[in-house]
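Structural overview
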Amino acid sequence: MKPNFSLRLRIFNLNCWGIPYLSKHRGDRVKRLGDFLNMESFDLALLEEVWSEQDFQYLRQKLLPTYPAAHYFRSGVIGSGLCVFSKHPIQEFTQHVYTLNGYPYMIHHGDWFCGKAVGLLVLHLSGLVLNAYVTHLHAEYNRQKDIYLAHRVAQAWELAQFIHHTSKKADVVLLCGDLNLHPKDLGCRLLKEWTGLHDAYLETRDFKGSEEGCTMVPENCYVNQRELEAFPFGIRIDYVLYKAVSGFYISCKTLRTTTGHDPHSGTPLSDHEALMATLCVRHSPPQHTPSATHGPAERSRLISVLKEAWAELDLGMAQARWWATFTGYVIGLGLLLLALLCALAAGGGVREVAIMLWTPSVGLLLGAGAVYLFHMQEAKGLSRARAELQHMLGRAREAHDLDPESQAALFLGQQPGTAGGGQI
């Protein structure tokens with residue numbers, strides 16, 4: 001690769017809000033999205049909430065001349081909703097389905113049935129290896145009483161670990177998606193601190209779009225305005241994040257968002273705003289190659305966010321165990337009730353009543369058993385993530401007390417390099 005190597009990447013990301021039978025004007029919006037992507041000819045288009053595989057196949061055919069490579073990530077009952085369209089050949093792809101993803105009995109939210117995941121594509125561009133990730137984390141629903149906070153923090157940690165373990169051979173790492181996290185939320189801070197990813201909105205010199213880079217804005221006619229009452233400008237929950245390894249330098253030259261309407265027709269492509277980023281990658285001169293060693297301030301921030309995440313998962317685990325214990329008592333009472341009903345039926349005195357109560361009692365017992373098993377699995381998932389965080393927290397504290405050379409050796413063994421962010 002030549003020393004003056006440089007590469008420009010144009011990236012598109014959108015949560016498409018493509019729920020069959022529920023999302024308004026879905027068919028028309030998918031058609032216009034295809035027209036827009038063909039016209040703009042991005043290097044990569046990463047999409048979330050394409051819940052209908054028919055919609056993906058429609059886009060696949062429509063975009064084939066411009067984006068010859070594509071992949072749809074399948075998981076869960078109705079699918080992850082994640083798909084990618086690429087100008088460049090896809091060398092490899094895989095995915096990771098998050099261990100925790102809400103509650104199956106919260107049917108009206110539906111996240112558990114989606115099988116939320118992170119998808120990975122590996123591309124080779126002029127000798128450079130690009131790992132492109134697309135993801136969609138669990139929705140928030142109620143910021144004041146967020147019952148899914150522990151799950152979303154666990155997902156952010158799994159995402160960070162997946163990127164860490166799969167990007168060791170990559171020259172450039174790109175993550176796009178709907179994180180359902182505000183920039184200062186715990187999960188977002190944990191993801192950035194552990195992976196070293198840079199936020200395109202914060203790094204770009206040239207931004208044009210919605211106020212404060214928000215990706216759900218009150219100007220969008222599909223947005224539930226009540227959800228934004230506390231946020232007059234909207235919320236920023238969709239991201240383009242990136243980094244390059246030592247020897248390469250990456251920057252975001254431009255970042256654009258839509259502003260509540262389609263750039264051409266005037267009606268929105270989705271209830272989310274699209275992100276359009278131009279990234280530049282070049283060789284980094286040796287004197288400008290940042291060190292992978294964390295300074296005192298960076299180590300302190302990392303330790304702080306690891307402690308905060310550990311505490312949140314600990315609370316979530318205690319709650320999961322409480323529900324498992326409660327449903328365990330319900331199962332015990334249910335078994336006693338069934339035994340009593342059997343005795344009454346055998347006695348013949350109130351046989352008809354006993355038989356009438358038998359079916360709902362069995363239903364209650366089976367339901368309680370299913371809830372018990374789920375919350376036991378939830379507790380184990382949270383416990384596993386908490387144990388990983390505790391281990392990494394111990395390592396971070398060790399590094400905090402060591403000399404600089406030992407710190408570098410310790411962290412290079414645990415974290416991906418953070419070289420390559422910033423401006424050209």
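Everything in this summary refers to the structure shown in the same document.

Helix and strand content of the protein chain: nine helices and 13 strands. Looking at the protein chain as a whole, 54% of its 424 residues are labelled buried. Considering only contacts in the protein chain between residues 6 or more positions apart, those separated by 24 or more positions represent 75%. In the structure as shown, the protein chain presents an accessible area of about 19200 Å², 59% of it carried by carbon and sulfur atoms.

With mixed pairing, seven strands are arranged side by side in an open sheet as β3-β4-β2-β1-β13-β12-β10. With partners counted over all chains shown, the strands left at the sheet margins are β3 (69-73) and β10 (206-208), one partner each. Each adjacent strand pair in this sheet contributes to an overall mean axis angle of 20°, direction not counted. Where strand β2 (residues 44-50) and strand β4 (residues 82-86) come together, four bridges link them in antiparallel fashion.

The next subject is the pairing of β4. The two faces of a sheet get side chains in turn, since along a regular strand they alternate between them. Counting buried residues in β4 gives five out of five residues, a clear majority hidden from the surface. Here β4 shows no split at all, with L82, V84 and S86 on one side and C83 and F85 on the other all buried. Pairing of β3 with β4 involves five bridges; the strand directions are antiparallel. Paired with A69 across the two strands is S86, which belongs to β4.

What follows is about unusual backbone geometry. Here Y141, not a glycine, exhibits a phi torsion of approximately 70°, which is positive. Following the sequence through the fold, Y141 ends up in the loop between β7 (128-136) and α4 (149-166). Although it is not a glycine, N180 sits at a positive phi angle of roughly 50°. Topologically, N180 is positioned in the loop between β8 (172-178) and α5 (186-195).

Tallied over the entire structure, the rule returns 19 aromatic pairs. For the ring pair F56 and Y72, a centre distance of 5.0 Å and an interplane angle of 35° mean the geometry is tilted. Here Y72 lies in strand β3 and F56 lies in helix α2 (residues 53-63), a separation of 16 residues in the sequence. Taking the ring centre of Y222 as reference, the NZ or CZ of R29 above it sits at 5.4 Å.

Moving on to the packing of helix α1 (residues 26-40) against α2. At a minimum axis separation of 10 Å, α1 and α2 run at an interaxial angle of 30°. Taken together, the axes of α1 and α2 are roughly parallel relative to one another. Helix-helix and strand crossings are classified by hand; for α1 and α2 the assignment is right-handed. Of the residues in α2, those touching α1 at R26, V30, K31, L33, G34, D35, L37 and N38 are D55, Y58, L59, K62 and L63. A class-by-class count of the residues in the contact of α1 with α2 yields six nonpolar, two polar and five charged.

Further remarks concern the pattern of salt bridges. Going through the model one piece at a time under the given rule, you end up with 18 salt bridges. R301 is paired through a salt bridge with E193; the nearest N and O atoms lie 3.0 Å apart. Within this pair, whereas R301 is found in helix α7 (residues 296-347), its partner E193 is found in helix α5, the two being separated by 108 residues in sequence. Exposure remark for R301: the relative accessible area of 43% places this residue in the partly exposed category. Between D199 and R236 there is a salt bridge whose closest N-O contact spans 3.0 Å.

To continue, consider the environment of W112. Along the polypeptide, W112 turns up in helix α3 (residues 111-114). Spatially, the C-alpha atom of W112 lies 5.2 Å from that of N101, the residues being eleven residues apart in sequence. Contacts of W112, omitting those with residues within four sequence positions, involve N101, G102, Y103, P104 and F374.

Packing of α4 against α5 brings their axes to within 9 Å, and their N-to-C directions diverge by 15°. Put simply, α4 runs roughly parallel to α5. The two elements α4 and α5 meet at a crossing, and its hand is right-handed. Across from V153, A156, W157, L159, A160, Q161 and I163 in α4, the residues of α5 making contact are L186, G187, L190, L191, W194 and T195.

What follows deals with the sheet that holds strand β11 (residues 238-244). The six strands are arranged β5-β6-β7-β8-β11-β9 in an open sheet whose pairing can be described as mixed. Looking at the sheet topology across the chains shown, the edges are occupied by β5 (90-97) and β9 (198-199). Each of β8, β9 and β11 is contacted by α5, which is oriented at about 10° to β11, the strand it contacts most.

Relative to the assigned elements, E140 resides in the loop between β7 and α4. C-alpha of E140 to C-alpha of H109: the two residues are 31 residues apart in sequence and 10.0 Å apart in space. With residues near it in sequence (within four places) discarded, E140 still touches D146, Y148, R152, H182 and D185. Among the polar contacts listed, one links the side chain of E140 to the side chain of R143, at a separation of 2.7 Å.

So, how was this worked out
Residues numbered from 1 in each chain as written. Predicted model: local features only at pLDDT ≥ 70, side-chain atom pairs only at ≥ 80, totals over all residues. Heavy atoms only, no water. Helix = DSSP H or I, 4+ residues; strand = E, 2+ residues; numbered from the N terminus. Buried < 20%, exposed > 50% of the residue type's maximum accessible area, 1.4 Å probe, protein only. Contact = heavy atoms within 4.5 Å. Areas by Shrake-Rupley, 256 points an atom, 1.4 Å probe, with all protein chains shown as cover. Pairing = 2+ DSSP bridges. Axes fitted to C-alpha atoms, helices over the stretch in contact; angles between N-to-C directions. Phe/Tyr/Trp six-rings, centres within 6.5 Å; stacked < 30°, edge-to-face > 60°. Lys NZ or Arg CZ within 6 Å of the ring centre and 35° of its normal. Parallel < 35°, antiparallel > 145°, perpendicular 65-115°, else oblique. Left-handed = near helix turned anticlockwise from the far one by under 90°. Nonpolar A, V, L, I, M, F, W, Y, C, P; charged D, E, K, R; others polar. Salt bridge = Lys/Arg side-chain N within 4 Å of Asp/Glu carboxyl O. Polar contact = N/O pair within 3.5 Å; in protein donor to acceptor, adjacent residues only side chain to side chain.

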